[in-house]
Amino acid sequence: MKKEIYKCGFAGNKTVINIIKTIESFDMIKDGDKILISVSGGPDSTLLTHLLYLMRPILDLTLYGFCLDHMTRGEESAKDSLFVQKLYRKMDIKLFRKRINVKKWCKSNRFSFQEGARELRLKELLEISRKKDIDKIAIGHNADDNIETFLMNLIRGAGARGLSGMKPVSGEIIRPLINTFRDDIITYLDNNKISYCMDRTNVENIYFRNRVRNLII
């Protein structure tokens, strides 16, 4: 990666330096890459969007975004999708938006909601990636997500492979925030007055991951 990346406006921050070093360590991004960002409007994908936007002119990146409105939480998911649309319009990033009744889809395909939402989102991301000849799909999984995944797999009795957690790079999928903790992400956004959305269901213990996050960790 070009050394100039350390000279742009955000690079004096420890959190950002940590993310840049993660990108470098795993050779996640090359000059001229076309990158599709999975964005929900939450803190992780919002920070990921802002950093890739600032890297765009230095690394000659072409950026796209994909936002899935799950049609849940009343009108909140629609508002989050609108927030993303406004953010991407301001940054002049092409955004693909889709509105799907995820609960209904999960029931029809016999998935739990969180598992089904993940499968459906990945399916849509891969489809866009193929159509647009995209090099990388950037997902905002952070260090907390990785710990949660490890504990979930441990509780389920997974073998050694399942206990390895999420990989920083998996095929065309990259996770630049995988070594960055959620608290550091939120602190950075708040300190820099960057707006983001909060999903209230993250504090509800009706899902397995939420129980691991809120009750165990």
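Please refer to the structure placed before this passage.
I will try to describe carefully the structure that is included in this document. This structure is a prediction, so every number in the text was calculated from the model and none was measured.

Conventions we followed
- Residues numbered from 1 in each chain as written.
- Predicted model: local features only at pLDDT ≥ 70, side-chain atom pairs only at ≥ 80, totals over all residues.
- Heavy atoms only, no water.
- 1 Å grid on protein atoms, 1.4 Å probe; cavity = no way out; pocket = protein on both sides within 12 Å on 5 of 7 lines; lining within 4 Å.
- Points joined across faces, edges and corners; volume = space filled by probe spheres on them.
- Helix = DSSP H or I, 4+ residues; strand = E, 2+ residues; numbered from the N terminus.
- Nonpolar A, V, L, I, M, F, W, Y, C, P; charged D, E, K, R; others polar.
- Pairing = 2+ DSSP bridges.
- Contact = heavy atoms within 4.5 Å.
- Axes fitted to C-alpha atoms, helices over the stretch in contact; angles between N-to-C directions.
- Expected span 1.5 Å × (residues − 1).
- Buried < 20%, exposed > 50% of the residue type's maximum accessible area, 1.4 Å probe, protein only.
- Core = buried A, V, L, I, M, F, W, Y, C linked by side-chain atoms within 4.5 Å.
- Arc of directions from axis to C-beta.
- Polar contact = N/O pair within 3.5 Å; in protein donor to acceptor, adjacent residues only side chain to side chain.

**Considerations on the layout of surface pockets**
The space that makes up the second largest pocket amounts to roughly 180 Å³. What lines the second largest pocket is simply His 50, Tyr 53, Phe 83, Lys 86, Leu 87, Lys 90, Met 91, Ile 194 and Ser 195. Every element with two or more residues in the lining of the second largest pocket is listed here: helix H2 (43-59) and helix H3 (76-90). Considering every element that reaches the lining of the second largest pocket, the biggest residue donor is H3, with four residues. Classifying every residue of the lining of the second largest pocket by side-chain character gives five nonpolar, two polar and two charged.

**A closer look at the sheet that holds strand E6 (residues 173-174)**
In spatial order, the strands read E3-E2-E1-E4-E6-E5; together these six strands make up an open sheet with mixed pairing. Here the strands that pair on one side only, and so sit at the sheet edges, are strand E3 (94-99) and strand E5 (169-170). Relative to E6, E5 is paired through two bridges, and the arrangement is antiparallel. Looking at E6, one finds that Val 169 is bridged to Ile 174. Lying over the sheet, helix H5 (residues 113-131) contacts strand E1 (34-38), strand E2 (62-69), E3, strand E4 (136-138) and E6, oriented at roughly 145 degrees with respect to E2.

**Concerning H2**
Relative to the 24 Å expected for 17 residues at 1.5 Å per residue, H2 spans 24 Å between its end C-alpha atoms, a close match to the ideal helical length. Among the 17 residues of H2, 14 are classified as buried, and the element is accordingly described as predominantly covered. Where H2 terminates, the next one or two residues include Asp 60, which has phi positive at roughly 55 degrees.

**Here's the deal with empty space enclosed by the protein**
Applying the stated criterion across every chain, the model contains one cavity of 30 Å³ or more. Of the volumes computed, that of the largest cavity is approximately 30 Å³. What lines the largest cavity is simply Ile 19, Ile 23, Leu 48, Leu 51, Leu 52, Met 55, Pro 176 and Leu 177. At the level of secondary structure, the elements contributing two or more residues to the lining of the largest cavity comprise helix H1 (14-25) and H2.

**What about the nonpolar core?**
Ranked by internal contacts, the top residues of the largest apolar core, which has 32 residues, are Ile 29, Ile 35, Leu 52 and Tyr 88. Breaking this core down by element, the ones donating at least two residues are H1, E1, H2, E2, H3 and helix H7 (182-191). Here this core takes seven residues from H2, the largest share from any one element. Not counting residues up to four positions away in its chain, the partners in contact with Ile 35 are Ile 29, Leu 52, Leu 61, Thr 62, Leu 63, Tyr 64, Ile 134, Lys 136 and Ala 138. Grouped together as the second largest cluster of nonpolar side chains are 17 residues, Ile 100, Cys 106, Leu 120 and Leu 125 included.

**Comments concerning H1**
For H1, spanning twelve residues, the distance from its first C-alpha to its last is 16 Å, which sits close to the expected 16 Å at 1.5 Å a residue. Listed in full, the buried residues belonging to H1 are Thr 15, Val 16, Ile 19, Ile 20, Thr 22 and Ile 23. Buried residues of H1, viewed axially, fall in a sector of 155 degrees; they line one side. Opposite its buried face, H1 presents the exposed residues Lys 14 and Ser 25, each directed more than 90 degrees away. Where H1 is buried, its residues contact H2 and H7. Its side-chain oxygen 2.8 Å from the backbone nitrogen of Thr 15, Asn 13 forms the N-cap of H1.

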